[in-house]
Amino acid sequence: QVQLVESGGGMVQAGGSLRLSCAASGRTYRRYAMGWFRQAPGKEREFVAAISRTGLNTNNAESVKGRFTISRDNAKNTVSLQMNSLQPEDTAVYYCAARSGNSAATGQYDYDYWGQGTQVTVSS
């Protein structure tokens with residue numbers, strides 16, 4: 001089992017940047033592929049980015065390609081999401097998730113463990 005804690009959320013103006021981090025507990029962190037999802041008020045949770053267990057493969061939602069970058073540090077049990085050129089439509093609660101297996105899956109039901117979320121607010 002793994003526990004996830006997100007950090008790095010906050011408020012930023014349009015065009016700005018934020019870096020989210022997710023710290024994972026447990027010695028089996030390296031067995032999990034990791035993902036980031038987000039949920040805006042009144043909307044369903046949506047996929048943002050994912051990274052394979054090894055870190056060699058990533059997936060990004062079309063809406064964030066070229067702006068967001070996911071990475072992981074298996075030595076530190078962390079996964080990060082660098083978010084650049086933020087826009088008001090990126091405003092949401094961002095969740096870190098972990099799944100058993102290697103692939104960088106894009107479906108929320110593919111993930112087994114979730115963090116509590118961190119709020120990102122982008123003002124125009």
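Here the residue numbering is sequential within each chain, running from 1 through the sequence in written order. Residues qualify for local features only when their pLDDT is at least 70, as the model is predicted, and side-chain atom pairs are given and counted only at 80 or more; totals for whole chains, interfaces and linings, by contrast, use all residues. Only heavy atoms go into the side-chain values, all of them from the structure, while hydrogens and water stay out.

Sorry if this is basic, but what is going on with the environment of Phe47 here?
Only DSSP runs of H or I reaching four residues or more are called helices, and only runs of E reaching two or more are called strands; each is numbered from the N terminus. Residue position: Phe47 is located in strand E5 (residues 46–51). With 12 residues separating them in the primary sequence, Phe47 and Asn59 have C-alpha atoms 9.6 Å apart.

Whenever I open this one, the pairing of strand E1 (residues 4–7) confuses me. Can you help?
Note on exposure labels: buried denotes an accessible area under 20% of the residue type's maximum, exposed denotes more than 50%, and partly exposed covers the range between, all computed with a 1.4 Å probe on protein chains only. Every second residue of E1 is oriented toward a common face, the buried set being Leu4 and Glu6 and the non-buried set Val5 and Ser7. Relative to strand E3 (residues 18–24), E1 runs antiparallel, the two being bridged by 4 bridges. Counterpart to Ser7 in the pairing with E3 is Ser21. Strands pair, by our definition, only if DSSP identifies at least two bridges between them.

What am I meant to see in the sheet that holds E1 here?
Strand pairing in a sheet takes place through backbone hydrogen bonds and is either antiparallel or parallel in direction. Pairing within the open sheet is antiparallel, and its 4 strands lie in the order E1-E3-E8-E7. Edge positions in the open sheet fall to E1 and strand E7 (68–73), since each of these has one partner strand only. Between one strand axis and the next, the sheet turns by 15° as a mean value, whatever way the strands run. Two strands pair when backbone bridges link them, and E7 and strand E8 (residues 78–83) are joined in this way by 6 bridges, in the antiparallel orientation. Its bridge partner being in E8, Ser71 is matched across the sheet by Ser80. A fitted line through C-alpha atoms represents every axis, and for helices the fit uses only the stretch in contact; the resulting angles, taken between N-to-C directions, go from 0 to 180 degrees.

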